[in-house]
Amino acid sequence: MHSFTHAEAFASDAFWAWATARREIDAAITALESAGAALVALVDDSDWQSDGVRALHELLGRVQDGTGSEIGGLQVRAWELEAVVQG
């Protein structure tokens, strides 16, 4: 005789883990999108001609690009999580 109680509990635990991971990925994407939006204004505001501000401008541009890359990576993780649930 087989017991389905264990299988149901495992499925529930797996779903809970998936839901938690998905929520954290979504929160990270939201935070990075907010940071990226703030960086757009900083990049624009720091576009001056002094050496120090130019260096800051370039650094902010690199950070903004890195933020976009991180968002892309997190979106891939979200798609992978969706595939686990659907597949």
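Going along each chain's sequence as written, the residues are numbered from 1 onward. With pLDDT at 70 or above as the cut-off, local features in this predicted model cover only qualifying residues; side-chain atom pairs require 80 or more to be listed or tallied, and sums for whole chains, interfaces and linings still use all residues. Water and hydrogen atoms play no part in the side-chain values, which are based on all heavy atoms of the structure.

A word on the overall build of the protein
Put simply, DSSP marks the helices as runs of H or I at least four residues long and the strands as runs of E at least two long, and each gets a number from the N terminus on. A tally of helices and strands in the protein yields two helices and zero strands. Only protein chains enter the accessibility calculation, which uses a 1.4 Å probe; a residue whose area is less than 20% of its type maximum is buried, one above 50% is exposed, and one in between is partly exposed. In the protein, which comprises 87 residues, the proportion classed as buried is 17%. Carbon and sulfur atoms make up 63% of the accessible area of the protein, which totals about 6,500 Å². With residues, only the protein chains shown are counted as cover, and all accessible areas are computed by Shrake-Rupley using a 1.4 Å probe.

As for the pattern of salt bridges
Salt bridges are defined by distance alone: a side-chain nitrogen of Lys or Arg within 4 Å of a carboxyl oxygen of Asp or Glu. Evaluation of the coordinates by the stated rule reveals three salt bridges. Two residues, R22 and D26, come together in a salt bridge whose shortest N-O distance is 3.1 Å. Taken together, the residues R22 and D26, both in helix α1 (residues 5-45) and four residues apart, mark about one turn of the helix. The partner of R22 in a salt bridge is E82, and the shortest N-O contact between them spans 2.8 Å.

Let's talk about helix α2 (residues 51-86)
Given a rise of 1.5 Å per residue, 36 residues ought to cover 52 Å, and the 53 Å separating the end C-alpha atoms of α2 matches this to within 8%. Of all the residues in α2, the buried ones are H57, L60, G61, T67, I71, L74, A78 and L81. Any helix carries an expected span of 1.5 Å times its number of residues minus one.

Observations regarding the environment of I25
Secondary-structure assignment places I25 in helix α1. I25 sits in the buried class, given a relative accessible area of 12%. Residues I25 and V76, 51 residues apart in the sequence, show an inter-C-alpha distance of 10.0 Å. Once you skip the residues sitting within four places of it in the chain, I25 turns out to touch L74, R77, A78 and L81. By the convention used here, residues are in contact when the closest approach between their heavy atoms is within 4.5 Å.

A few points about the nonpolar core
If you look at the biggest cluster of nonpolar residues, it comprises seven residues: W18, I25, I29, I71, L74, A78 and L81. Those elements that provide at least two residues to this core are α1 and α2. When residues in this core are grouped by element, the largest group, four residues, is from α2. When sequence neighbours within four positions are dropped, the list of residues in contact with I29 reads I71, L74 and Q75. The criterion is simple. A nonpolar core is a set of buried Ala, Val, Leu, Ile, Met, Phe, Trp, Tyr and Cys residues joined through side-chain atoms within 4.5 Å.

Things to note about a nonpolar patch on the surface
A surface patch of nonpolar side chains, amounting to about 230 Å² of accessible area, comprises L56, L59 and V63. Inspection of the secondary structure puts V63 in helix α2. Two distance rules govern patches: like charges are joined within 9 Å, and nonpolar side chains (Val, Leu, Ile, Met, Phe, Trp, Tyr) within 5 Å, applied only to residues with over 30% relative accessible area and no salt bridge.

None of this, on its own, says anything about what the molecule does.
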